[in-house]
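Examining the three-dimensional arrangement
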Amino acid sequence: LDVGCGKGYLLNDFLKVLPQAEVYGIDISKYAIANSKEEIKKNLYLGHANNLPWKDNYFDLVISITTLHNLYAYDLEKALKEMERVGQNKYLCVESYRNEEEKANLLYWQVTCESFNTPAEWEWWFKSTKYTGDYSFIFFE
């Protein structure tokens, strides 16, 4: 499952490498889902990261690449818990900053970013929501 899949390009690439894989994506953008590649469209769902419509441990892998920073704190908490709930293995990547210069660069870059967190603050979120997956950060140096 790709949480915040957009038009599903990453999932389409997964299928090129693993054609027998069963992949799904969810995104809040009606435009992205409607304009996704035909090869993947049937497995993309319109929805929010804070309410994933799959049963517990349904997916072998749940990923979210540069999506969760777009959520307000109340949705971020729910989304992390939902990723933990539906995925056996998890990986996410979020924007972060380590100093004031990187924070300013992030502020200039962001269009929809709502969660501006240092790595320590992100780790607090992971611990407080019991998110056990892997993660990495993107910094704007």
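Bear in mind the structure is a predicted one, so any value in this text is a computation, not a measurement. (Residues numbered from 1 in each chain as written. Predicted model: local features only at pLDDT ≥ 70, side-chain atom pairs only at ≥ 80, totals over all residues. Heavy atoms only, no water.)

1. Details of the nonpolar core
One finds Leu1, Val3, Trp54, Leu68, Leu80 and Leu92 to be the most contacted residues of the largest nonpolar core, which totals 23 residues. Contributing elements (two or more residues each) for this core: strand E4 (59-65), helix H4 (73-86), strand E5 (87-96) and helix H6 (119-128). Broken down by element, the residue count for this core peaks at 5 residues, all from H4. Residues contacting Leu68, with those up to four places away along its chain left out, are Leu76, Ala79, Leu80, Met83, Leu92, Val94, Ser115 and Trp122. (Core = buried A, V, L, I, M, F, W, Y, C linked by side-chain atoms within 4.5 Å. Buried < 20%, exposed > 50% of the residue type's maximum accessible area, 1.4 Å probe, protein only. Helix = DSSP H or I, 4+ residues; strand = E, 2+ residues; numbered from the N terminus. Contact = heavy atoms within 4.5 Å.)

2. Some points on a nonpolar patch on the surface
Together, Leu10, Phe14, Leu61 and Ile65 give the surface a local cluster of nonpolar side chains, amounting to about 280 Å² of exposed area. As for its placement among the helices and strands, Leu61 is situated in strand E4. You can call Leu61 partly exposed: its relative accessible area is 39%. (Patch = residues over 30% accessible without salt bridge, like charges linked within 9 Å, V, L, I, M, F, W, Y side chains within 5 Å. Areas by Shrake-Rupley, 256 points an atom, 1.4 Å probe, with all protein chains shown as cover. Salt bridge = Lys/Arg side-chain N within 4 Å of Asp/Glu carboxyl O.)

3. What about the pattern of salt bridges?
Summed over all chains, the structure comprises 8 salt bridges. Linking Asp13 and Lys16 is a salt bridge whose minimum nitrogen-to-oxygen distance equals 3.9 Å. Remark: Lys16 and Asp13 occur in helix H1 (residues 9-17); sequence separation between them is 3 residues, near one turn of the helix. Overall, Asp13 belongs to the partly exposed group, its relative accessible area being 40%. According to the relative accessible area criterion, Lys16 is exposed, its value standing at 62%. Note that Glu84 and Lys90 form a salt bridge whose closest N and O atoms lie 3.3 Å from each other. One network of salt bridges, in which partners are shared, links Asp56, Glu82 and Arg85.

Functional significance is not addressed by these values, which are geometric in nature.
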